[in-house]
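# Structural overview for review
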Amino acid sequence: MIITVVGDVHVIRSEPFSVFRHVAPVLQQADITLGNQETLICDQGQPIMGKVEVGSAHLRSVPGTAEALRRAGFMAMGVASNHSLDYGPEGLVQCLHLLDEAGICHAGAGRDLGEAHKPAMIKRA
């Protein structure tokens, strides 16, 4: 079994799949491909007030990023990062919904405490 794990994923392109164009064949060869969704995938919510991390900004990726992740071969994403609430609960909920729609499992945050503590389960035949 081949498991491919990448670090932070933050796509800031209007055509999200283009960032994966050269690496998708490698990601797709794995039996399981995982990544850390560093930013919210959303176009909803407002930037949270009072974010004071040095060198930090409010980050997000366009909604089409979830489908680009699926096309690139990602099966699960961690969503617990310092940017998980950059656009408030609305942005987080939209991100989780878009990952769900794309068939990408996620762990590390949720719509409530129970979901936030739920592991991502990937079943492979």
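Described below are features of the structure shown in this document. In this text the structure is predicted, and so the values were computed from the model without any measurement. (Residues numbered from 1 in each chain as written. Predicted model: local features only at pLDDT ≥ 70, side-chain atom pairs only at ≥ 80, totals over all residues. Heavy atoms only, no water.)

## Regarding the environment of Arg 124
Note the threshold: The secondary structure listing takes helices from DSSP runs of H or I that are at least 4 residues long and strands from runs of E that are at least 2 residues long, numbered from the N terminus. Whether a residue is buried, partly exposed or exposed follows from its accessible area with a 1.4 Å probe, protein chains only, as a fraction of its type maximum: under 20%, in between, or over 50%, in that order.
Looking at the element boundaries, Arg 124 is found in the segment after α4 (113-116). Judged by its relative accessible area of 46%, Arg 124 falls in the partly exposed class. Separated by 93 residues in sequence, Arg 124 and Asp 31 have C-alpha atoms that sit 7.8 Å apart.

## Things to note about the sheet that holds strand β6 (residues 105-107)
Heads up, the condition is: When DSSP finds two or more bridges between two strands, those strands count as paired. Interaxial angle, 0 to 180 degrees, is taken between N-to-C directions of lines fitted to C-alpha atoms, where a helix line uses only the stretch in contact.
Within the open sheet, the four strands sit side by side as β1-β2-β5-β6. Their pairing is parallel. The two strands at the open ends of the sheet, each matched to only one other strand, are β1 (3-9) and β6. Neighbour-to-neighbour, the strand axes of this sheet turn through a mean angle of 20 degrees, independent of strand direction. Bridging between β1 and strand β2 (residues 32-37) involves five bridges; their strand directions are parallel. Among the inter-strand pairings, Asp 8 is bridged to a residue of β2, identified as Asn 36.

## Observations regarding the side chain of Asp 86
To be explicit about the condition: Within 3.5 Å is the distance limit for a polar contact, defined as a pair of N or O atoms, with the added protein rule that one can donate a hydrogen and the other accept it, and that residues adjacent in sequence qualify only through two side-chain atoms. Here a residue-residue contact requires only that any non-hydrogen atoms of the pair lie within 4.5 Å.
As for its placement among the helices and strands, Asp 86 is situated in the loop between β5 (76-78) and α3 (88-101). Owing to a relative accessible area of 1%, Asp 86 belongs among the buried residues under this scheme. From its side chain, Asp 86 meets the backbone nitrogen of Leu 59 in a polar contact 2.8 Å long. Of the polar contacts made by the side chain of Asp 86, one reaches the side chain of His 83; its length is 2.6 Å. Residue contacts for Asp 86: discarding those within four places in its chain leaves Leu 40, Gln 46, Pro 47, Ile 48, Lys 51, Ala 57, His 58 and Leu 59.

## Focus on helix α2 (residues 65-72)
Rules: Think of the arc as the fan of directions from the helix axis to the C-beta atoms.
Here α2 has its buried residues at Thr 65, Ala 66, Ala 68, Leu 69 and Ala 72. Looking straight down α2, one finds its buried side chains confined to an arc of 160 degrees; they lie on one side. Where α2 terminates, the next one or two residues include Gly 73, which has phi positive at roughly 115 degrees.

## Brief notes about the environment of Ile 32
Considering the arrangement of structural elements, one finds Ile 32 in strand β2. Accessibility expressed as a relative area gives 11% for Ile 32, which makes it buried. Ile 32 sits 43 residues away from Met 75 along the chain, and the two C-alpha atoms are 6.4 Å apart.

## Quick notes on the packing of aromatic side chains
Quick note on the threshold: When two rings of Phe, Tyr or Trp (its six-membered ring) have centres within 6.5 Å they constitute a pair, described as stacked for plane angles under 30 degrees, edge-to-face for angles over 60, and tilted for the intermediate range. The rule is short: NZ of Lys or CZ of Arg within 6 Å of the ring centre and within 35 degrees of the ring normal puts a charge over the ring.
Summed over all chains, the structure comprises one aromatic pair. Between Phe 20 and Phe 74 the ring centres are 5.8 Å apart and the planes differ by 65 degrees, which places this aromatic pair in the edge-to-face class. Within this pair, whereas Phe 20 is found in the loop between β1 and α1 (24-29), its partner Phe 74 is found in the loop between α2 and β5, the two being separated by 54 residues in sequence. Above the face of the Tyr 87 ring, Arg 60 is positioned so that its terminal group lies 3.8 Å from the ring centre. Across from the ring centre of Phe 17, 3.8 Å away, lies the NZ or CZ of Arg 71, which sits over that ring.

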